[in-house]
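# Descriptive structure summary
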Amino acid sequence: MNRFKLLPLYCLIAAFSVADGQQLTVAQKVDALMKKMTLAEKIGQLNQVNGDWAATGPITTDVGDKLEQIRKGQIGSVLNITGVAHTRAFQDAAMQSRLKIPLLFGQDVIHGYSITFPIPLGEAASWDIAAIERSARIAGTEAAAGGVHWTFAPMVDIARDPRWGRVMEGAGEDPYLGSQIARARVKGFQGNGFGSLDAIMACAKHYAAYGAAIGGRDYNSVDMSLHTLWEFYLPPFKAAAEAGAATFMNSFNSLNGTPASASSYLQRDILKGKWGFKGFVVSDWNSIGEMVQQGYAKDNDQAAEFAIKAGNDMDMESRSYINNLEKLVAAGKVPVKLIGEAVRRILTKKFEMGLFDDPYRYSNADREKSVLNKPEFIAAARDMARKSIVLLKNQGQVLPLSKNLNRIALIGPLVKAKKEMKGFWSLDIGDEGKIVSLYEGMQQAAGKTQLLYAKGCDITDTSRTGFDEAFKTAMQADEVVMAMGERPDMTGEAKSRANIHLPGVQEELIQKIMATGKPVVVLLMSGRPMVFNWTADHVPAILYTWWLGNEAGNAIADVLYGNYNPSGKLPITFPRTEGQIPIYYNHYNTGRPPQNDSDVNYTSAYIDLPNSPKFAFGYGLSYTAFKYSNLKLSGKSLQSNGAIIVSFDLTNTGKYAGEEVAQLYLRQLISQPVRPVKELKDFQKIMLQPGETKTLTFTIDKEKLSFYNDQLQWGTQPGEFNLMIGSASDDIRLQDGFELL
Ligand code: NOJ
């Protein structure tokens, strides 16, 4: 009997990968397959369409029958599709196509799949690289069990503008911290590599400079010097490429007049050339088509030509490739070789993912059931959430709460919120009932303390009718905890705000409750830095809690009661008001720097506002206190291939065990071009028991001293450096200097 008769159809595909009993390399398998493909089938592989669930962008064309298009080999990948049953149904259609090339299923798994973790900006506040990697690992494991091959994450865009709604998706403003986190997230998603069934492909996005959209308005153009691009915006992308990210997504913005999807400089010269990236580049949603509105291409036909020539391999949702590439090749406008190169990159990933061995390998119903929502994943989500919280203020040690209080009043529009805790870019997969609200978390933790509740007001609505009841409720309590913030859909894609103040009448409600004279703790929930000056100046205790995901309520209660001592540090600067934006710590010096916040005598300052931010990059308190002492440098000078070992003592001088993030900043005093006033170059997160001292060391070497010169070459320049070690970018505790010879 023909042995193939007993095998499912897709195994026939696997059969061509074995010649004379010999295992072919992936490259040979791709070659063999490509020889069988028509040009139309090749172009089909470059075409990615939305599934028939949620759309994460505008559907621009009449899409027709997608399953039929898959059967005809016109679609290579589908996005916005999850779940074993659903992915199987689509893969079935691919298995009916002539060459049975499996589909790739992509999904925005941004901060968790079934179990939602804190938003990426929140996780970044943990400065805990191992925990961030674990979070991505769990998201990848769950997503892979749910049929997903590929996440459109991590977003590694540097963001200096909190008006931009997408700050929530990244790691904040710093290239060093951003690069560490980019690496961790890529490694987390891709796990042990694509042989493993729990690994999904990562996608570093949005390449490039999307975070610098002018005015913080989403999709806006970007105008930036190449020096700034290389110095601040590209490093996390480079780190993601080095960590082996399987894919990159380009961006909606034009960069210095060229749409990113049409940028050969970004995609061919830098990414595939200089960095040797072997994966493939997907466009953003219709970013190829949008070249027409941007005034770069006269129609989708020309947009397709520009994109493929620039090295954009896969077209997400614009259909410019499927509709135009064949005729562009026939007209001699697009070399057929370029199509081959793009297909090769995509097929390579499909082979590496094992999809030709078994196109359904990610779509196993038993695995889906057994892997999702494991208790250890939930415990990790709680831990990540606690680590992400930043203590902004704790005057008079209002926190942690005593376990002996008679009554606590919980007040505010977000006290009982549940699904809101997931924040933007979360999936409707897990059980909503399992999300822990603040109220529920406090019920678990409060013991004998009675919890009182009043909503007080809405998030954006300006009605004050609930104020009196909230006041009365607060009056009955020993302490008040207020849960305030934005709606989760006020950050995310297309969620830019010109006004980033705490919305509605919430700050008025805080004033009203403060008038009770009770000790008040304010929790601020948001996906961006907000402006809340009155609160910051008057309320004794403030925790910034972002959107913390499924375990939000438990994690916040852990921190409120001191079962977890807060250790988060801001990964992005908090402005005093919108007029300071863009504001970031690693700026260049001017010729007229003010001596202090009130020095406006012909200095580079505002006459109506200090230059300093409300809360600086790297800032965050603990229930305990840390002393930095005994700074030692192994030398006061080094050659460019040498090193200086820096050591210092860190002591926990308070009553609680706690973690500190000790931060190392450098400044090269004189160089051409100039260097920032301070640059984070290293950090360590250390746990210390009360009274304990540990000696920490950092190594200063060439890598930490190098920068891009005005020819964009990476290297060092001799000169003097300031070395600063501290608890925040504006709280430097130890300083010294050294010279690079
Ligand atoms: C547009 C967003 O910019 C991108 O980040 C996302 O991955 C795609 N839509 C797909 O949802």
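Higher on the page you've got the structure.
The sections below set out a description of the structure shown in this document. (Residues numbered from 1 in each chain as written. Predicted model: local features only at pLDDT ≥ 70, side-chain atom pairs only at ≥ 80, totals over all residues. Heavy atoms only, no water.)

### Some details on the sheet that holds strand β28 (residues 731–740)
The five strands are arranged β20-β28-β27-β22-β23 in an open sheet whose pairing can be described as mixed. The sheet terminates laterally at β20 (637–638) and β23 (679–688), the two strands that pair on one side only. (Pairing = 2+ DSSP bridges. Helix = DSSP H or I, 4+ residues; strand = E, 2+ residues; numbered from the N terminus.)

### So, unusual backbone geometry
Residues Y207 and A208 are joined by a peptide bond in cis, for which omega reads 5°. As for its position among the elements, A208 is in the loop between β7 (203–207) and α9 (226–233). Cis geometry marks the peptide bond from I581 to P582; its omega dihedral reads 0°. Positionally, P582 belongs in the loop between α21 (552–560) and β19 (626–633). For W127, which is not glycine, the phi torsion reads 50° and is therefore positive. By the element assignment, W127 lies in the loop between α6 (120–124) and α7 (129–145). Residue E317 is not a glycine yet carries a positive backbone phi of 65°. One can find E317 in the loop between β12 (315–316) and α13 (320–330).

### Comments concerning the site of the ligand
Residues in close proximity to the ligand total 14 residues, the closest being T56, D108, R166, H206 and D284. Contacts to the ligand include K205, whose side-chain N or O atom sits 2.8 Å from an oxygen atom. Between the ligand and H206 there is a distance of 2.6 Å, counted from an oxygen atom to a side-chain nitrogen or oxygen. Considering only residue class, the shell around the ligand consists of seven nonpolar, two polar and five charged. (Near = heavy atom within 4 Å. Polar contact = N/O pair within 3.5 Å; in protein donor to acceptor, adjacent residues only side chain to side chain. Nonpolar A, V, L, I, M, F, W, Y, C, P; charged D, E, K, R; others polar.)

### Concerning the packing of aromatic side chains
What describes a pair of aromatic rings is the distance from one ring centre to the other and the angle between the planes of the rings. For the structure on display, the rule yields 35 aromatic pairs. For the pair W230 and W275, a centre-to-centre distance of 6.4 Å together with 80° between the ring planes defines the contact as edge-to-face. In this pair, W230 is assigned in helix α9 and W275 in the loop between α11 (264–274) and β11 (280–282), connecting sequence segments 45 residues apart. W275 matches W230 in its accessibility class, with the two residues each being buried. An aromatic cluster of at least three residues, connected via ring pairs, comprises Y207, W230, F237, F248, W275, F277, Y708 and W714. Its end group placed over the ring of F232, R160 keeps NZ or CZ at 4.4 Å from the ring centre. (Phe/Tyr/Trp six-rings, centres within 6.5 Å; stacked < 30°, edge-to-face > 60°. Buried < 20%, exposed > 50% of the residue type's maximum accessible area, 1.4 Å probe, protein only. Lys NZ or Arg CZ within 6 Å of the ring centre and 35° of its normal.)

### Comments concerning α13
When α13 is considered as a whole, its buried residues turn out to be S320, Y321, N324, L325, L328 and V329. Buried residues of α13 fall within an arc of 135° about the axis and therefore sit on the same side. G332 occupies a position one or two residues after α13 and carries a positive phi of about 75°. (Arc of directions from axis to C-beta.)

### Concerning the packing of helix α8 (residues 175–190) against helix α10 (residues 235–242)
α10 packs onto α8 with a crossing angle of 25° between their chain directions and a minimal axis gap of 8 Å. Put simply, α8 runs roughly parallel to α10. Here the hand of the crossing between α8 and α10 comes out right-handed. Counting all contacts with α8, which are made through P175, G178, S179, A182, R183 and V186, the residues of α10 involved are P235, P236, A239, A240 and E242. (Axes fitted to C-alpha atoms, helices over the stretch in contact; angles between N-to-C directions. Parallel < 35°, antiparallel > 145°, perpendicular 65-115°, else oblique. Left-handed = near helix turned anticlockwise from the far one by under 90°. Contact = heavy atoms within 4.5 Å.)

By themselves, these observations are geometric and do not establish any function.
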